Amino acid sequence: RLTLGNLEFDPAAREVRIGSDSPKLTGTELSILEILMRRSPAVVPRQSIALHVWEEEADALGSNTIDVHMARLRAKLAQASVRVETVRGVGYRLVPA
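Everything in this summary refers to the structure shown in the same document. Chains are numbered independently. Their residues run from 1 in the order of the written sequence. Reporting in this predicted model follows two pLDDT cut-offs: at least 70 for local features of residues, and 80 or more for side-chain atom pairs to be given and counted; totals over whole chains, interfaces and linings ignore these cut-offs and use all residues. Side-chain metrics in this entry use all non-hydrogen atoms of the structure; hydrogen atoms and water are not considered.

The next point concerns the pairing of strand E3 (residues 15-18). The side chains of a regular strand alternate between both faces of the sheet. Only one face of E3 is buried, namely the one carrying Val16 and Ile18, since none of Glu15 and Arg17 on the opposite face is buried. Any two strands with at least two DSSP bridges between them are considered paired. Counting from the N terminus, the helices are DSSP H or I runs at least four residues long and the strands are E runs at least two residues long. Where strand E2 (residues 7-10) and E3 come together, four bridges link them in antiparallel fashion. Within E3, the position partnered with Asp10 by the bridge is Glu15. Where E2 folds back onto E3 in an antiparallel hairpin, the turn is made up of four residues, including Arg14, whose phi is positive at roughly 60°. Residue exposure (1.4 Å probe, protein chains only): buried if accessible area is under 20% of the type maximum, exposed if over 50%, otherwise partly exposed.

Written as structure tokens, this is what we have:
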């Protein structure tokens, strides 16, 4: 289990908990959350996210796909005591709020 603040993720079961709540995340959002939590508080480059989540990372890097998924993930993690930070020109990181 990966834990950061009140956010808990079980990679084996693919389950997320925020306190007593269980937000419904898509497979893509779960994969993004996993890499962010495993590397927290380090910055995860966009290319690393694309390689971890998509078979054809060029599809994700050449469009706003990652940005859209990050926006949705941020909205679903709004009640968590963590936040997804954008590091302009580099990538993203998950940090305590």
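Once that is clear, we can look at the nonpolar core. In these notes, a set of buried Ala, Val, Leu, Ile, Met, Phe, Trp, Tyr and Cys residues joined through side-chain atoms within 4.5 Å is what counts as a nonpolar core. If you look at the biggest cluster of nonpolar residues, it comprises 26 residues, and the most contacted ones within it are Leu7, Leu33, Leu36, Met37, Ile49, Met70 and Leu94. If you list the elements that add at least two residues to this core, you get strand E1 (2-4), E2, E3, helix H1 (27-39), helix H2 (46-53), helix H4 (65-76), strand E5 (82-87) and strand E6 (91-96). No other element matches H1, which puts six residues into this core. Once residues lying within four places of it in the same chain are set aside, the contact partners of Leu33 are Leu7, Val16, Leu25, Leu73, Leu77 and Leu94. Residue contacts are counted whenever heavy atoms from the two residues lie within 4.5 Å of one another.

With that settled, consider the environment of Glu29. Looking at the element boundaries, Glu29 is found in helix H1. Each C-alpha atom of the pair Glu29 and Lys76 lies 9.6 Å from the other, and the pair is 47 residues apart in sequence.

The next point concerns the sheet that holds E1. Sheet strands associate in pairs through backbone hydrogen bonding, adopting either a parallel or an antiparallel arrangement. Overall, antiparallel pairing links the three strands, which are arranged E1-E2-E3 in an open sheet. Each edge of the open sheet carries a strand with a single partner, namely E1 and E3. If you compare each strand with its neighbour and ignore which way they point, the axes differ by 10° on average. The axes are straight lines fitted to the C-alpha atoms, using for helices just the contacting stretch, and the angles between their N-to-C directions are given from 0 to 180°.

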